[in-house]
Amino acid sequence: MSKRVSARFKCCLKCKALLPSQASICPNCKSSEFSTDWSGFVIIFDPETSLIAKTLNIDKPGRYAIKCR
Ligand SMILES: [Zn+2]
């Protein structure tokens, strides 16, 4: 992931969802606390069967940052 791409996205501190930088609220958990300090991302299609989703505690499909702080 290049720096240019990561600057356009931010992650939700609560659920790690990756959102466009202009988003004001997280559609997943309704949190408004975000961070632009994230790295790596995964796209979860089926949280039920995804091992990554279980590891990251994700229960909804979508894009998620692997590290978000
Ligand atoms: Zn969230």
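Quick note: structure is the one above.
Reading the values: rules and limits
Residues numbered from 1 in each chain as written. Predicted model: local features only at pLDDT ≥ 70, side-chain atom pairs only at ≥ 80, totals over all residues. Heavy atoms only, no water. Helix = DSSP H or I, 4+ residues; strand = E, 2+ residues; numbered from the N terminus. Rg over C-alpha atoms; globule rule 2.2 N^0.38 Å. Buried < 20%, exposed > 50% of the residue type's maximum accessible area, 1.4 Å probe, protein only. Donors = N, O, S within 2.8 Å, 3.2 Å for Na, K, Ca; no water. Tetrahedral: all angles 85-135°; square planar, octahedral: opposite > 155°, others 65-115°. Core = buried A, V, L, I, M, F, W, Y, C linked by side-chain atoms within 4.5 Å. Contact = heavy atoms within 4.5 Å. Pairing = 2+ DSSP bridges.

(A) Representation of the overall build of the protein. Within the protein, the secondary structure is distributed over two helices and five strands. Element order for the protein, N to C, with α for helix and β for strand: α-β-β-β-β-α-β. For the protein, the C-alpha radius of gyration of 11 Å lies close to 11 Å, the compact-globule estimate for 69 residues. When its C-alpha atoms are laid out on the principal axes, the protein stretches across 30 × 25 × 20 Å. Relative to its full complement of 69 residues, the protein shows a buried share of 33%.

(B) Quick peek at the coordination of the zinc ion. Taken together, Cys 12 (SG), Cys 15 (SG), Cys 26 (SG) and Cys 29 (SG) make up the protein donors of the zinc ion, found 2.2 to 2.3 Å from the metal. Bound by four donor atoms, the zinc ion shows angles of 103 to 115° at the metal and therefore tetrahedral coordination geometry. Written as a sequence motif, the donor residues of the zinc ion are C-x2-C-x10-C-x2-C. Grouping residues by exposure puts Cys 12 and Cys 15 together as buried.

(C) Representation of the nonpolar core in the model. Counting twelve residues, the largest nonpolar core is built from Cys 12, Cys 15, Ala 17, Leu 19, Ala 23, Cys 26, Val 42, Ile 44, Ala 53, Leu 56, Ile 58 and Tyr 64. Once you skip the residues sitting within four places of it in the chain, Ala 23 turns out to touch Lys 10 and Phe 34. Formed by six residues, the second largest nonpolar core is a distinct cluster that contains Phe 9, Cys 11, Leu 18 and Cys 68.

(D) Highlighting the pairing of strand β1 (residues 9–12). Across three bridges, the pairing between β1 and strand β2 (residues 18–20) is antiparallel. Looking at the pairing, Lys 10 lines up with Leu 19 of β2. Counting the residues in the hairpin turn of β1 and β2 gives five residues, including Lys 16, whose phi is positive at 70°.

(E) Local environment of the environment of Thr 36. Along the chain, Thr 36 turns up in the loop between β3 (34–35) and β4 (38–44). Overall, the relative accessible area of 61% leaves Thr 36 in the exposed class. A C-alpha to C-alpha distance of 9.6 Å links Thr 36 and Leu 13, two positions 23 residues apart in sequence. Excluding residues within four positions of it along the chain, Thr 36 makes contact with Phe 9 and Lys 10.

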